2 protein chains.
Amino acid sequence: MSNLDLFARQPAEWLRSSGPESEIVISSRLRLARNVRGFPFLQKLTAEQHDEIVDLMEDTVQKTDVLKDATYFRYRDLTDLDRQFLVERHLISREHAGEKGERAVSITRNEVVSLMVLEEDHLRLQAFQSGFNLQEAWRIVGMIDDSLQKSVEFSFNPTLGYLTSCPTNVGTGLRASCMLHLPSLVLTKQVHKVLQALSKLNLAARGLYGEGTQATGNFFQFSNQMTLGQKEEEIIENLAAVIRQVVEHEKEARQYLRQKRKGKFEDQIWRAFGALKSARAISSSEATQLLSLVQLGVLMELLDPGLTRQDLNTLFLLIQPAHLQKISDKTLNSSDRDIARADLIRQHLSKVQL
Amino acid sequence: MSNLDLFARQPAEWLRSSGPESEIVISSRLRLARNVRGFPFLQKLTAEQHDEIVDLMEDTVQKTDVLKDATYFRYRDLTDLDRQFLVERHLISREHAGEKGERAVSITRNEVVSLMVLEEDHLRLQAFQSGFNLQEAWRIVGMIDDSLQKSVEFSFNPTLGYLTSCPTNVGTGLRASCMLHLPSLVLTKQVHKVLQALSKLNLAARGLYGEGTQATGNFFQFSNQMTLGQKEEEIIENLAAVIRQVVEHEKEARQYLRQKRKGKFEDQIWRAFGALKSARAISSSEATQLLSLVQLGVLMELLDPGLTRQDLNTLFLLIQPAHLQKISDKTLNSSDRDIARADLIRQHLSKVQL
């Protein structure tokens, strides 16, 4: 899969570590759910209609000027490992990767845009931006949505808005989300309070890999729960307002750690670094957790691991199971991966001595 | 205390890492309990008798040729820190250090011999040897005991033998003990079985700092419980026979770790080293535990910390509270010590990079 290998050689968009508030807001994502008029929803599609949509979408993408550098991957051409690789890069969902029948995904070269074909809806169009930049992500998906509609008609009801397979997406079909790195709120045991407040505001908090995943390595993905009855701009602004507050809390917690718990905190950061530099076998969840602390240490200028922030961020991705196997170019079982992961991390951190 | 400072600049005898089986048997110790004829036991001494014995022992030691390079420390001349320092070097007992009234200890320059005056008995004479060498320790205490008896008469009963303050010491007044480092038996969870077997043989297992202390850093001190009804040589040979078996068990456990659990084991060793090289604050018990693993790694040639075995062993001592304060030449509270300890360890391990 030469096109996939191309991705493996670049940092994922969501870990570029640039853009506003990128010390806390790792990435912003906008997603639109769309269904093609004249076809039933996914569950009711016949086998022919299924194939018809996969073909139709390939045609549509090719006709869409702004997607001309995108690659259209049909799932029959992807191995399980390839799909897991795309999940790890946040380009397809875990659910989509696990589907049996034919599916497809179109991905732009810079990985900013992906269109999942036949996920829960016929089309799931998403755009990523590094940092806190929902507006730009919204501009991009909006533009692509408009372009697509020049060649395909989506199911739309004048009263309800866009029609979707699951009622929670009816209306705008929009989900806005931000991935936040909140190590200080976790260390100061305040993150629970934040999550409780969010759920009252009808916002969801998820882990690194979306729906149904646990928060790992102090990463939290916040998103709107409802799309009906609100304009796109309102949904985005509501989420953004909350994110701004969470960002402030995390900043305060970082200050608190620096001022009030300096000794203990520096010890934690350095020990995390020491463990990464010395382990001979390490799980992805432990490594993610330790890298999170090292990243915090770098942001707070307590430690210089000799890597750019972007390189350090990229390590979060490289240590995931499919990435590890792509890099070492062989199938590895779980305990082999733990060893390969430890080797890879030591190699990346070898520039700096303790 | 210039004489004490002199000790601080040399490795303690029990950590020289030389002598038979010194990869497992850290040190061997022989102790004799003696009381001066014509005086009641400690609890019944008057204040004058108390002082008389301290003076008498100073005279006696000075007259004893084999002790001519020994220093006679009176407790009134020692600070609390000095006494704790001597406890850490195993030259006096914790109980002796904690006494209120006047006490004394005579220590030879090489720290092989110490004579505690007015511990539980009027005199507690002990000799250390590095490694598994009870015979040599016995030869030394025997020789000193004979020399002392040229100028002082000890309480002795032809039927019972030497009389002592506590009945468990009556007879020979001898306690033989070996300090063993058993990290592999601990890692393979077999040490409990060994300790159970020992208690059936009427042998005691104690921690690094003797009676009432917990095993720390995988160090165990094994000794005879009874002294009555057995000859000195029997007591020593009984203990030695058991120690030989425990040594074999530890060797087998090291082989097992090397052959069957190599990956996991190397990971543990390296992580211990990483933690020592990176911590900014560390307790003495954690540091002792981690140093124990690093030492095992060195013995098994998995890791080269750039230190001789003796230097590494000496670290066990230097990180103790009183040693730390002697080295930094100031009083440190517990959390200051944790920081100073971490600094000291990093400094000692700085020759090698991870």
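Thresholds applied
- Residues numbered from 1 in each chain as written.
- Chains lettered and ligands numbered in written order.
- Predicted model: local features only at pLDDT ≥ 70, side-chain atom pairs only at ≥ 80, totals over all residues.
- Heavy atoms only, no water.
- Buried < 20%, exposed > 50% of the residue type's maximum accessible area, 1.4 Å probe, protein only.
- Helix = DSSP H or I, 4+ residues; strand = E, 2+ residues; numbered from the N terminus.
- Pairing = 2+ DSSP bridges.
- Polar contact = N/O pair within 3.5 Å; in protein donor to acceptor, adjacent residues only side chain to side chain.
- Contact = heavy atoms within 4.5 Å.
- Axes fitted to C-alpha atoms, helices over the stretch in contact; angles between N-to-C directions.
- Buried area = accessible area lost by both parts, 1.4 Å probe.
- Salt bridge = Lys/Arg side-chain N within 4 Å of Asp/Glu carboxyl O.
- Least-squares fit on C-alpha atoms with pLDDT ≥ 70 in both.
- Phe/Tyr/Trp six-rings, centres within 6.5 Å; stacked < 30°, edge-to-face > 60°.
- Lys NZ or Arg CZ within 6 Å of the ring centre and 35° of its normal.
- pLDDT = per-residue confidence, 0-100.
- Domains from an automatic or database assignment.

1. Some details on the pairing of strand S1 (residues 25–34) of chain A
Residue and element names in this part refer to chain A.
Now for step 1: For S1, the buried fraction is high: ten of the ten residues fall into the buried class.
Now for step 2: Bridging between S1 and strand S8 (residues 174–181) involves seven bridges; their strand directions are antiparallel. Note on S8: the bridge partner recorded for Val25 is Leu180.
Now for step 3: As judged from the eight bridges shared by S1 and strand S5 (residues 123–130), these two strands associate in the antiparallel manner. Opposite Leu32, over in S5, you have Leu125 as the bridge partner.

2. Re the side chain of Thr172 of chain A
All names here are of chain A.
Now for step 1: Locating Thr172 in the fold gives a position in the loop between strand S7 (161–162) and S8.
Now for step 2: Judged by its relative accessible area of 5%, Thr172 falls in the buried class.
Now for step 3: Only 3.1 Å separates the side chain of Thr172 from the backbone nitrogen of Leu174, close enough to count as a polar contact.
Now for step 4: Setting aside anything within four residues of it in sequence, one finds Thr172 in contact with Leu32, Arg34, Tyr162, Thr227, Gln230, Lys231, Glu232 and Ile235.

3. So, the sheet that holds strand S4 (residues 113–117) of chain A
Residue and element names in this part refer to chain A.
Now for step 1: Reading across from one edge, S2-S3-S4-S5-S1-S8-S10-S9 is the order of the eight strands in this open sheet, with antiparallel pairing throughout. The open sheet has two free edges, formed respectively by strand S2 (71–74) and strand S9 (203–206), since each of these has just one partner strand. In this sheet, neighbouring strand axes are inclined to one another by 20 degrees on average, regardless of whether the strands run parallel or antiparallel.
Now for step 2: In the packing of helix H5 (residues 134–148) onto the sheet, the strands contacted are S1, S4, S5 and S8, and the crossing angle to S5 comes to about 150 degrees.
Now for step 3: Its contacts with the sheet place helix H8 (residues 232–260) against S1, S8, S9 and strand S10 (219–224), and it is angled at close to 10 degrees to S8.

4. A word on the interface of chain B and chain A
Now for step 1: Between chain B and chain A, the contact holds 13 residues from the first and 13 residues from the second.
Now for step 2: At the boundary of chain B with chain A, total buried surface from both sides reaches about 1,400 Å², with 52% on carbon and sulfur atoms.
Now for step 3: Applying the counting criterion to the chain B and chain A interface returns two salt bridges.
Now for step 4: One salt bridge in this structure joins Arg271 of chain A and Glu286 of chain B, with 2.7 Å as the shortest N-O distance.

5. Quick notes on the pattern of salt bridges
Residue and element names in this part refer to chain A.
Now for step 1: Enumeration over the complete set of coordinates arrives at 42 salt bridges over all chains.
Now for step 2: Residues Arg34 and Asp145 are paired through a salt bridge, measuring 2.9 Å at the closest nitrogen-oxygen approach. One end of the pair, Arg34, is in strand S1; the other, Asp145, is in helix H5, and 111 residues separate them in sequence. The residues Arg34 and Asp145 share a single accessibility class, namely buried.
Now for step 3: The shortest N-O distance in the salt bridge between Lys262 and Glu266 comes to 2.7 Å.

6. With respect to the relation of the copies chain B and chain A
Now for step 1: With an axial shift of 0.1 Å and an RMSD of 0.0 Å, the rotation relating chain B to chain A amounts to 180 degrees. The operation mapping one copy onto its partner corresponds to a two-fold rotation axis. Rotation axis and chain B: the residue whose C-alpha lies nearest the axis is Gly274 of chain B, separated from it by 2.3 Å.
Now for step 2: The overlap is high: 100% of the interface residues of chain B also sit at the interface in chain A, so the same surface is used on both sides.

7. Describing the sheet that holds strand S5 (residues 123–130) of chain B
Residue and element names in this part refer to chain B.
Now for step 1: Reading across from one edge, S2-S3-S4-S5-S1-S8-S10-S9 is the order of the eight strands in this open sheet, with antiparallel pairing throughout. Looking along the sheet, the strands with just one partner apiece sit at the ends: strand S2 (71–74) and strand S9 (203–206). Across the sheet, the axes of successive neighbouring strands diverge by a mean angle of 20 degrees, strand direction being ignored.
Now for step 2: Note: S2 against strand S3 (residues 104–107), four bridges, orientation antiparallel. Looking across to S3, one finds that Thr71 is bridged to Ile107.

8. Some thoughts on the packing of aromatic side chains
Two aromatic rings are characterised by how far apart their centres lie and by the angle between their planes.
Residue and element names in this part refer to chain B.
Now for step 1: Using the criterion set out here, one finds eight aromatic pairs over all chains in the structure.
Now for step 2: Here Phe219 and Phe316 contribute two aromatic rings whose centre-to-centre distance is 5.0 Å and whose plane-to-plane angle is 85 degrees, an arrangement assigned as edge-to-face. Of this pair, Phe219 sits in strand S10 (residues 219–224) while Phe316 sits in helix H11 (residues 309–318), and the two are 97 residues apart along the sequence. In this pair, the class of Phe219 matches that of Phe316, namely buried.
Now for step 3: The positively charged end of Arg34 is found above the aromatic ring belonging to Tyr162, 3.5 Å away from the centroid.

9. Describing the confidence of the model for chain A
Residue and element names in this part refer to chain A.
Now for step 1: Predicted confidence across chain A gives a mean pLDDT of 90, with 96% of residues reaching 70 or more.
Now for step 2: Mean pLDDT values over the elements of chain A span from 69, in helix H1 (residues 2–8), up to 97, in S4.
Now for step 3: Interface confidence for the predicted complex, given as ipTM, is 0.84, next to a pTM of 0.88.

10. Examining helix H12 (residues 321–328) of chain B
Residue and element names in this part refer to chain B.
Now for step 1: For H12, the complete set of buried residues consists of Pro321, Ala322, His323, Leu324 and Gln325.
Now for step 2: Contacts from the buried residues of H12 go to helix H3 (80–88), H11 and helix H13 (334–348).
Now for step 3: Asp329 sits one or two residues past H12 and shows a positive phi near 60 degrees.

11. Quick word on the environment of Gln310 of chain A
All names here are of chain A.
Now for step 1: Note that Gln310 resides in helix H11 (residues 309–318).
Now for step 2: Overall, the relative accessible area of 28% leaves Gln310 in the partly exposed class.
Now for step 3: Along the backbone, Gln310 and Leu15 are 295 residues apart, and their C-alpha atoms lie at a distance of 6.7 Å.
Now for step 4: When near neighbours in sequence (up to four residues on either side) are disregarded, Gln310 contacts Pro11, Leu15, Arg16 and Ser17.

12. Overview of the domain arrangement of chain A
All names here are of chain A.
Now for step 1: Parsing chain A into structural domains produces domain 1 (3–253) and domain 2 (261–349).
Now for step 2: Centre-to-centre separation of domain 1 and domain 2, based on C-alpha positions: 26 Å.
Now for step 3: Domain 1 puts 27 residues into the contact, and the matching count from domain 2 is 23 residues.
Now for step 4: Each partner contributes to the roughly 2,300 Å² buried at the junction of domain 1 and domain 2, and carbon and sulfur atoms together form 59% of this total.
Now for step 5: The largest per-residue losses of area from domain 1 upon contact with domain 2 belong to Leu15, Glu88 and Leu187, which jointly make up 25% of the total buried on that side.
Now for step 6: Joining domain 1 to domain 2, the criterion identifies two salt bridges.
Now for step 7: For Asp82, the salt bridge goes to Lys326, with nearest N and O atoms at 2.5 Å.
Now for step 8: One can count eight residue pairs in polar contact (both at pLDDT 80 or more) joining domain 1 with domain 2.
Now for step 9: If you list the elements that add at least two residues to the side of domain 1 that touches domain 2, you get H1, helix H3 (80–88) and helix H6 (183–187).
Now for step 10: Top contributing element to the side of domain 1 that touches domain 2 by residue count: H3, with five residues.

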